[in-house]
Amino acid sequence: MAERFAEDERFAQDAAGRADPAGTAAAAQSVEPGRRCKTFDANEAVARIAYRLSEVIAIYPITPASAMGEHADAWAAEQRTNLWGTVPDVVEMQSEAGAAGAVHGALQAGALATTFTASQGLLLMLPDLFKIAGELTAFCLHVAARTVATHALSIFGDHSDVMAARTTGLALLASGSAQEAQDLAAISHAATLAARIPILHFFDGFRTSHEITKVELVDDDVLRGLIDPAALRAHRERALDPDRPVIRGTSQNPDAFFQAREAAEPFYAAFPAVLDHAMARFAELTGRRYRPFDYVGHPEAERVIVMMGSGAECAHETALHLIARGERVGVVKVRLFRPFSLAHFLAALPPTVRSIAVLDRTKEPGSLGEPLLLDVTQALVEAVASGERPALPRIIGGRYGLSSKELTPAMVIAVLDELGRAAPRRRFTIGIRDDVSGSSLTWDPELDIERDDVSRAVFFGLGSDGTVSANKATIKIIGEHTPGFAQGHFEYDSKKSGSTTISYLRFGPRPIRSTYRIRRAQLIAIHDPEALERRDVLAAAMPGATVLVNTPIAPDRVWDTLPREVQDALIARRCRLFVIDGYRVAERAGLGRRINIVMQACFFALSKVLPIAEALHHIRDSVEQTFRRRGAEVVANNLAALDAALAALHEVTVPAVASSERHRLPVVPPTAPDFVQRVTRLLLEGRGDDLPVSAFPPDGTWPTGTSKFEKRAIALDIPIWQPELCIQCNFCSMICGACSSPCRSRPRTAPAAACASRSVRPRTRSSPSTRR
């Protein structure tokens, strides 16, 4: 402990010297650190901050938060130090509950501790979170918000896990982008020390956690200027110490518990002001100002949306689009959800507002409204009751974005249009077609507000084929070697390796807030040629788009092998078609089926976002930096693939008339059961978003159609097994054919008479996993 205090004293002196070199008590002046930018996702952005501001990091992996713990573990293995010059203790526990317990123990010893989690992992931490908050212990937990499993498991993002933790006593702070996630992570670590209220800092899983963008870095000097040495020392002094004994964690009876629980209320009442002070100090150090509630829009807005997370970025972009067309609209971005600050909320809300739509990214069955709606409604009711507002605006609430469901500008406009109606719906959903409860709003699926000076590309690949890796490298090259801005978002199938991945890349001259899929792309790249047979991969191709296909078929034969639907789309959209046998180039270079370097070179050659010579130079640097740890041979193989890529790229002339007589085969046979035809088929075609609510069973129990036993019997032209016919052998194998041979799992018995009289084909093999 003495060593820690000595380190803190040195830290305090360094911080004081940087904040006030003259040693006076004058107000700190704004610091203008050099603009250093890197391109990465929110997981890495947050981990960079948490690692430097922690001494103990307890981790347990859970998608989509695993990367934060992985980064911390890797940095500790490299002996990277934190802000105090020591290497944090990074320990992987047996579960999220264990990670929370380890953090709780470290905090009681006076250490600075953190952890990362999501979804069910957060639920396992709840008992310790109640204790940490109840003991007013400074602590910051980072959550990549993810759906909590209900009728089904989902690895994708919404706020259901965070909302399950809102009664713990932790403050809830929301970020909407990688830049915000980094900045608010730093602010959170500073504010929790000053306020003694633990903070749950969250951002949307996958949409923010895995989205790669250009981020202006927070350096060590900014962090030193942000952390209050006195608050840090006070945290140390609250540690359990046998030299200064206290009792903590007692059991209390009804005569004492209520009063003791209320004793912490002043800390929560003061927290919004403490947080706002930390945000103001951060602005002095970096020039980026955040507030508990940030407003974007017309200064005299009449219709306003209130929301938090990545969806607020889409609403921000849409509001500016509508304001340019003369509409009085705006968006309130909620940073601090709990404790909810009435004063800061009213300060952000224009006094001209007549109607408000509150959007929640969660569902609470049976409630009068979702959590953010209830808090906003109560805040405005209290404001009217106290005379702070003259009248109560119309308030409606909606649900959106469950399990990473899309929120597009068209949907935001539909919500604002609903606010403009004389009698809008009090409760609604947006982004789905609810033909059961009738809650959904309609929107224009063709509406697109993206500017023409933004370059957009869509890539279809297979998990583990290198497509995502190539696109991440491309984003970093453009983001870090040009003055422009870049964004990369990746859609993963929950089956991961071997399943379809879709990458969305944007490049433009201004910050990109488009937190939704690309609808009009100048380039479509199909790295998995089988995707042409399964789905409409050209749906996002704008007129004149460039299409790149990875295929083993010779360039002069490619056109004739394309399905009729693909040929028609290429002709109708006046596309240019390029092909390459990426697998052949990769295999010749010794890379097996990893085509990432090959396809990356082709992208730069076709997109022209950088001069090709400059792009190839940056790719070579990236290859050497990425693969040098794997040895010179791996680096040489990748460079050989890079050198051979452009020579293997060929343009295919697109005729004026389609010639193929082959149509895309249906993804399910016409004989498939009704549910497979109506629902499973659309899911396999990538059109699950088109399914209405009525297509799904309310309890999540899906009919499986034909059983595997029936499928096997049909394939072998064998009569379907009937249980009443196979009494003696008890159907020990997969199909009824086993009845014509001795039973393999029980003593030999003669086949049942009815079974023996049927025309069946003998089974030659039986697997224990298929026996009954």
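The rules behind the values
Residues numbered from 1 in each chain as written. Predicted model: local features only at pLDDT ≥ 70, side-chain atom pairs only at ≥ 80, totals over all residues. Heavy atoms only, no water. Helix = DSSP H or I, 4+ residues; strand = E, 2+ residues; numbered from the N terminus. Buried < 20%, exposed > 50% of the residue type's maximum accessible area, 1.4 Å probe, protein only. Contact = heavy atoms within 4.5 Å. Areas by Shrake-Rupley, 256 points an atom, 1.4 Å probe, with all protein chains shown as cover. Pairing = 2+ DSSP bridges. Right-handed = clockwise from strand over helix to strand, strands pointing away. Core = buried A, V, L, I, M, F, W, Y, C linked by side-chain atoms within 4.5 Å. Salt bridge = Lys/Arg side-chain N within 4 Å of Asp/Glu carboxyl O. Axes fitted to C-alpha atoms, helices over the stretch in contact; angles between N-to-C directions. Patch = residues over 30% accessible without salt bridge, like charges linked within 9 Å, V, L, I, M, F, W, Y side chains within 5 Å. Parallel < 35°, antiparallel > 145°, perpendicular 65-115°, else oblique. Left-handed = near helix turned anticlockwise from the far one by under 90°. Polar contact = N/O pair within 3.5 Å; in protein donor to acceptor, adjacent residues only side chain to side chain.

(A) A look at the overall build of the protein chain. Along its length, the protein chain carries 26 helices and 22 strands. Within the span of the protein chain, comprising 772 residues, buried residues form 53% of the whole. Long-range pairs, those at least 24 residues apart, make up 75% of the contacts in the protein chain with a sequence separation of at least 6. Total accessible area on the protein chain stands at roughly 33900 Å², and carbon and sulfur atoms take up 53% of it.

(B) Structural detail: the pairing of strand β13 (residues 355-360). Burial of β13 is extensive: six of the six residues sit out of reach of the surface. The alternating pattern of β13 places S355, A357 and L359 and I356, V358 and D360 on opposite faces, both of which are buried. Bridge count for strand β10 (residues 303-307) against β13 is four bridges, and the pairing is parallel. The partner of V304 across the bridge, within β13, is I356. Relative to strand β14 (residues 394-399), β13 runs parallel, the two sharing six bridges. Among the inter-strand pairings, I356 is bridged to a residue of β14, identified as I395. On the question of chirality, the crossover connecting β13 to the parallel β14 by way of helix α14 (residues 371-385) is right-handed.

(C) Examining the nonpolar core more closely. In this structure, L141, L200, F202, V306, F345 and L372 are the most contacted members of the largest nonpolar core, which totals 110 residues. If one sorts the elements of this core by residue count, helix α7 (residues 178-195) sits on top with ten residues. Once residues lying within four places of it in the same chain are set aside, the contact partners of L141 are T115, F116, T117, L122, M125, L129, L170, I199, L200 and H201. Within the second largest apolar cluster, 42 residues are counted, among which are I478, A525, L548 and F603.

(D) Up close: the environment of L285. Topologically, L285 is positioned in helix α11 (residues 265-286). Placed 67 residues apart in sequence, L285 and V218 show a C-alpha to C-alpha distance of 9.4 Å.

(E) Seen up close, the pattern of salt bridges. Here the structure, examined in full by the defined rule, presents 45 salt bridges. Between R233 and E237 there is a salt bridge whose closest N-O contact spans 3.5 Å. Highlighted residues: R233 and E237, both in helix α9 (residues 229-237), separated by four residues, approximately one helical turn. Residue E237 is classed as partly exposed on the basis of its relative accessible area of 39%. For R281, the salt bridge identified is with E284, shortest N-O distance 2.9 Å. With R281 and E284 both in helix α11 and three residues apart, the pair spans about one turn of that helix. You can call R281 buried: its relative accessible area is 13%. Ionic contacts of the salt-bridge type, sharing partners, join the residues K405, E491, R517 and D689 into one network.

(F) The sheet that holds strand β20 (residues 541-550), seen in detail. Taken in spatial order, the nine strands line up as β1-β8-β17-β18-β16-β19-β20-β21-β22 in an open sheet, and their pairing is mixed. The open sheet has two free edges, formed respectively by β1 (37-40) and β22 (650-652), since each of these has just one partner strand. On average, adjacent strands in this sheet sit at an angle of 25 degrees to one another, irrespective of strand direction. Relative to strand β19 (residues 521-526), strand β16 (residues 455-462) runs parallel, the two sharing four bridges.

(G) Molecular detail of a nonpolar patch on the surface. There is a patch of nonpolar side chains on the surface, built from L683, F696 and W702 and spanning about 260 Å² of accessible area. Within the secondary structure layout, F696 lies in the loop between α24 (674-684) and α25 (708-715).

(H) Representation of the packing of helix α2 (residues 42-52) against helix α3 (residues 66-77). Close contact between α2 and α3 brings their axes to 8 Å; oriented N to C, the two are set at 50 degrees. By the angle between their directions, the pair α2 and α3 is classed as oblique. As for the relative orientation of α2 and α3, their crossing is right-handed in sense. In contact with N43, E44, V46, A47, R48 and Y51 of α2, α3 contributes A67, M68, H71, A72, W75 and A76.

(I) View of the environment of H298. Note on placement: H298 falls in the loop between β9 (293-297) and β10. Taking the C-alpha atoms as reference points, H298 and G326, 28 residues apart in sequence, are found 9.4 Å from one another. Every residue in contact with H298, bar those within four places of it in the chain, is listed here: I323, E327, R328, V329 and P350. There is a polar contact of 2.9 Å between the side chain of H298 and the backbone nitrogen of E300.

(J) Structural context of the environment of G169. Topologically, G169 is positioned in the loop between α6 (160-164) and β6 (171-175). By relative accessible area, which is 14% here, G169 ends up buried. Separated by 31 residues in the primary sequence, G169 and L200 have C-alpha atoms spaced 9.7 Å apart. Ignoring sequence-local partners within four residues, the contact set of G169 consists of A133, I197 and Y268.

(K) Molecular detail of unusual backbone geometry. Cis peptide bonds are those with omega within 30 degrees of zero, and the linkage from T63 to P64 qualifies with 5 degrees. A cis amide bond links R338 with the next residue in sequence, P339, at an omega value of -5 degrees. Counting through the fold element by element, P339 comes out in the loop between β12 (336-338) and α13 (342-348). You will see that F206, though not glycine, has its phi angle at about 70 degrees, which is positive.

Everything listed is a geometric property; what it means functionally is a separate question.
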